[in-house]
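These are the residues of each chain, in order.
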Amino acid sequence: MCCICSTQIFVPFVIVRNLQNFRMRLVDRLVLVAIVACGCIVVSQSSPLDPDRYLLVEAEPRAALEDYRLNEEVWPSHYDIEITPYFVAEGTKKAFTFDGRASITVKTTLTGISTIKLHMARMEITSWSITRVQGGADVPRNPEAYDPETEILTLSMPTPLTPNEEYQLNFVYIGNMDEDMHGFYRSYYLVNGEKVWMGSTQFQQTHSRRAFPSFDEPRYKATWSIKIIHTPQYNVFSNTPIISAISNGAGRTITTFAKTPVMSSYLVAFIVAPYETTSRDEMGILARPQAQNQTAYSLDVGLQLLRALGDFVSYPYTSVPEMSRMYMAAIPDFSAGAMENWGLLTYRETNILYRSDDSTSMQQQRIAAVISHEIAHQWFGDLLTCEWWDVTWLNEGFARYFQYFGTQLVEKNWDLEHQFVVEQLQGVMQMDSLRNTRPMTHPVYTQAQASGVFDNISYNKGAVMLRLLEHLLTPERFRTALREYVRENAYRTVRPDNFFTVLNRFEATVKMHLEPWTVQGGYPLVTVTSTDKGFTLTQRRFLVDELTHNDDTLWSLPITYATKEADFANTQPTFHEGATITLEVAGAADAPYFILNNQQIGYYRVNYDAGLWGKISKALHSERFGGIHVLNRAQLVDDLFNLARGDVVPYGTALDILEYLKEETEYAPWLAAVNGLTTLARRVHEEDEQLFKHHILDIFSKVYGVVKFQPTATNERRVHTYLRQNVLQWACNYGHEECSEAAVKEFERFFQNPTIKVNPDLRQVVYCEGIRKGTREHFEFLWNQYLTSNMATEQILILQGLGCASSKELVNIMLDAITTENVRPQDKSNAYTYVINNAYTLPHVSAYLQQNHAIWAAAHGSYLNVASAFNNLLARLKNDAEKDKISAFIETNKAVLGTAAYDSIKRGLGDYETNKQFTTKNRDEIRDFLKKKADGGAATVLTNVSLIVGLVVLALSRQ
């Protein structure tokens, strides 16, 4: 839906239990209202904890950038908010609207101020006034003005406000409970097939203005008093405890909540729902009644994390007087992964509801990690708040850091630092190696820009810098610094200088070394060459698509290195400046290897000269991998894949070194390998895929024998369980006979007797292989399991399995299902991704989108979502004929698509050509390696020295 225009796309609810005539029924029930080109539209984009969040995105700002920001003339100190929601029509009150009253206490310290600017959106203000707090006299006023582009309401008076005198802004208004999961919105869950409606909030970044007029920027902290006037069948919850609940004499209850601590508008929250509470001590879990049996783990781990993190920062949660308890709520429809509203944390059901007999080990970890992330925000985001979204990393970087290292305080045996390195550090390097990346600290003005900085740069890179700081200062001094930072800035908004000021007390050069990493985008490639006395390091920005460029950005490099196993324990770096660095290392020539960046503490890639790569390869192929630390093995794997992708190291050389994976049995290097292989698989030429299949089955052979197709063993290392899931998925996908037979056998057993479920940690591969090798009857069986499941985590596993269908008939049925409300809006994008990750579906999906583009646009919100679907497909496509069909389709339907969607798909077609050029350019080398290996004669890196030497000379000549 457009954020300014009132025209909507409407799709009546369709609940399909029987798949017969599924598509005909969908089309018959579809009502498509004209799509109006608005200033902003709903599309799927990245989020704090999940990649499928619906955000408002504008094509271009239509006002001066500074006009999107409020001025600093008037400041709020307190809000009184009263909300009366209507889930059904009552007299003249429409369903899914709410009556609102807001009184905002404000003052100015300046003279001559006769206007007040604040935000509002998606509401009708029926009356407003300005009164003096002292005496209550009305202040004369002029007509208000509203800018729908900036969503700023301007109130003006004929005479200026008196400095340092308090005034009240009073509003009576009608708001809308929309379905887009922003503002105060509506959601539902099913009981015996009937919808039970509820209301919840999501105000970050700029959506409190949809629930009440507000100074909707984080710097405007104030206290809040909330009242909800509701019907008796509903329970209500907000940031603070209830202080009274009385009848209004008209069939509703007036529930009043205690005044909050001073906080930003985006942290206010309230829920109106017939929820039940499971509580212990200072924490409670809120959920629909049918899900109460899924809350025990969240309550247990949540309490442990709340106390552990409070101890870590030496500032217990309940030391904030207003926060005597914390609620965590499971919301059926939720745009983000979770939200840190102070005292009332909200979550997708998949991120808080857990049962050991119905959820995977990874889902359990995600729940603990997301809870840790949100609880960490109670200090880093709520108590201390980034002053504006340009420094979002001061909120989200800390929360992402504690997502791993906070969870590690409670769940000590999950090897979370190993996972952090691959998932967070290596993960953000992909985005940060592109020309269009941005710095951590980055100007934003509009709603779209504010949404856009909630990305991997703010989250992952921010957390990576904190991990670097921890190792630089030592864990003890780092913890002490954080405690001082929290204590000195409590209840305030912060900028990076507030943080660096504290850090510099512990290490005087921290700001000098670390600040450039926050204000410069990207990261360096460090090239290591041997010298007579040691090594020379040369840094240059790494741009994966631009081997030759003129960017001369330099970073202060945190250097550690290892020439033997014991050296990897040293993770306290020394910073070095300059484009070229000389390291004198005694006995360098005789060292078995030289590896830079111990345990990948620093944020950079490393390339080596031919001789050093040869030594590293020899070590990796030796007993115990030459003592190279597991995280550095993961680093080498990730660097080799990306250096080959960036044309720094030939693919043949990289793949040759990576043959060492045939002996690898640790999770972190394999996770890095899976990430690299996923990208490579999309670029292998279509005619070489059988050779690539042979390669995959070969390198996975030993590790498959280690993990085996078997349930998780008692006391098994957690990461070994995750390794099994990855290995089985790849083995079955590429036709490993034993894997496929075992998975199909288990699915068939489940199909015959659904009362005995599949082990949760095997479900993904069993469901996938069962559907891939099964019939329509098997598909319908699993779809009915989805419809009747009470577990959101199980529904996600089933969607993954259904996405493995390959026949046109079943692919079309699956895509039809995605367009109905049976797949919730928050899950639609993931469900589609599960389908197109199966390469056999791509022609069917392309044909479906071309035939059913109007249905897809209606179900997903706009034609930009059609464009997104085509572009994600094009990123995986290798067939020119299918590409040409898409190209012809958009030309024929240019007017229907609209300019924005048409231009987006055109860019996707351009990216297809770029990918094709990449494939063509590298095909010979990749194919030669794969063919030689298939013929039984894969070369080792030691016989490829001349090739590497030529490469090094070439690379140096381009610098």
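Residues numbered from 1 in each chain as written. Predicted model: local features only at pLDDT ≥ 70, side-chain atom pairs only at ≥ 80, totals over all residues. Heavy atoms only, no water.

Operational definition: UniProt positions are given in the numbering used here, feature names are shortened, and annotations may be inferred rather than shown by experiment.
Labelled according to an unreviewed UniProt entry, the protein chain appears under the name Aminopeptidase, originating from Anopheles darlingi. Entered under Sequence similarities (unreviewed entry) in the UniProt record, the comment concerning the protein chain runs "Belongs to the peptidase M1 family." What UniProt states about the protein chain under its Subcellular location (unreviewed entry) heading is, verbatim, "Cell membrane".

## What about the side chain of Asp333?
Just so we agree on the cut-off: Each helix is a run of H or I in the DSSP string that is no shorter than four residues. Each strand is a run of E no shorter than two, and both are numbered from the N terminus. Under this definition, polar contacts are N or O atom pairs within 3.5 Å; protein pairs additionally need one hydrogen-donor-capable and one acceptor-capable atom, and for neighbouring residues in sequence, both atoms have to be side-chain atoms. In this description, contact between two residues means that some pair of their heavy atoms is separated by no more than 4.5 Å.
Take Asp333: it is sitting in the loop between β19 (326-331) and β20 (338-339). For Asp333, the side chain forms a polar contact with the side chain of Ser187, separated by 2.7 Å. Here the side chain of Asp333 touches Arg824 through a polar contact of 2.6 Å, side chain to side chain. Look past the residues within four positions of Asp333 in its chain and what remains in contact with it is Met181, Tyr185, Ser187, Tyr188, Arg824, Pro825 and Gln826.

## A short note on the domain arrangement of the protein chain
Keep this limit in mind: Each domain's extent is set by a domain assignment, obtained either automatically or from a database.
For the protein chain, the domain assignment lists domain 1 (75-274), domain 2 (385-519), domain 3 (523-643), domain 4 (684-804) and domain 5 (838-923). For domain 3 and domain 5, the distance between their C-alpha centres works out to 40 Å.

## Points about the environment of Pro213
Along the chain, Pro213 falls in the loop between β11 (194-202) and β12 (223-230). Residues Pro213 and Gly100, 113 residues apart in the sequence, show an inter-C-alpha distance of 9.7 Å. In contact with Pro213, not counting residues within four places along its chain, are Tyr79, Ala102, Ile104, Leu118, His119, Met123, Ile125, Phe171 and Tyr173.

## Some thoughts on the environment of Pro524
Note the following rule: Think of it in three bands: residues with accessible area under 20% of the maximum for their type are buried, residues over 50% are exposed, and the middle band is partly exposed, with areas taken using a 1.4 Å probe on protein chains only.
Take Pro524: it is sitting in strand β24 (residues 524-530). Residue classification places Pro524 among the buried positions, given a relative accessible area of 0%. Linking Pro524 and Leu543, residues 19 residues apart in sequence, is a C-alpha distance of 8.7 Å.

## Observations regarding the UniProt feature "domain: Aminopeptidase N-like N-terminal" (unreviewed entry) in the protein chain
Under the present numbering, the feature "domain: Aminopeptidase N-like N-terminal" (unreviewed entry) in UniProt falls on residues 76-267. Secondary structure content for residues 76-267 is 0% helix and 50% strand, while the C-alpha to C-alpha distance between its ends is 15 Å.

## Some details on the packing of aromatic side chains
The test is simple: The pairing test for Phe, Tyr and Trp rings, Trp by its six-membered ring, is centres within 6.5 Å, and the orientation test on the planes gives stacked under 30 degrees, edge-to-face over 60, and tilted for anything in between.
According to the stated counting rule, one finds 56 aromatic pairs in the structure shown. Measuring from ring centre to ring centre gives 5.3 Å for Phe312 and Phe402, while their planes differ by 80°; the resulting arrangement is edge-to-face. Taken together, the positions of Phe312 in helix α2 (residues 296-312) and Phe402 in helix α4 (residues 393-405) put the pair 90 residues apart, joining distant regions of the chain. Assessed through its relative accessible area of 15%, Phe312 is described here as buried. Ring centres of Phe751 and Phe781 lie 5.1 Å apart, and the angle between their planes is 85°; on these two criteria the pair is classed as edge-to-face.

## Topic: the sheet that holds strand β8 (residues 152-156)
The condition that has to hold: DSSP bridges decide pairing: two strands pair if at least two such bridges lie between them. Interaxial angles span 0 to 180 degrees and are taken between N-to-C directions of axes, which are lines fitted to C-alpha atoms, for helices over the stretch in contact.
Strand order in the open sheet formed by 3 strands is β5-β8-β7, and the pairing between neighbours is antiparallel. The open sheet has two edge strands, β5 (115-119) and β7 (145-147), and neither has a second partner. The sheet shows a mean angle of 20° between the axes of neighbouring strands, direction not considered. By the bridge criterion, 5 bridges tie β5 to β8 in an arrangement that is antiparallel.

## Regarding the state of the cysteines
Which entries qualify depends on this criterion: In what follows, a disulfide is any cysteine sulfur pair within 2.5 Å.
Taken as a whole, this structure holds 2 disulfides when the rule is applied. Linked covalently through their sulfurs, Cys732 and Cys739 form a disulfide whose S-S length is 2.1 Å. One quick way to see it: the torsion about the S-S bond of Cys732 and Cys739 is about -105°, and its sign makes the bridge left-handed. Using a relative accessible area of 0% as the deciding quantity, one classes Cys739 as buried. In this model Cys768 forms its disulfide with Cys804; the gap between the sulfur atoms is 1.9 Å. Where Cys768 bonds to Cys804 through sulfur, the torsion about that S-S bond is close to -100°, and the disulfide is left-handed. Of this pair, Cys768 sits in helix α20 (residues 760-772) while Cys804 sits in the loop between α22 (792-802) and α23 (808-818), placing them 36 residues apart in sequence.

## Re the sheet that holds strand β4 (residues 97-107)
The sheet built from 7 strands is open, its strands ordered β6-β9-β4-β3-β12-β15-β14 with mixed pairing. Of all the strands in the sheet, the pair left with one neighbour each is β6 (123-132) and β14 (242-247). Looking at each pair of strands side by side, their axes are set apart by 15° on average, direction ignored. Pairing of β14 with strand β15 (residues 253-257) involves 5 bridges; the strand directions are antiparallel. Residue pairing for β15: Ser247 is matched across the bridge by Thr253.

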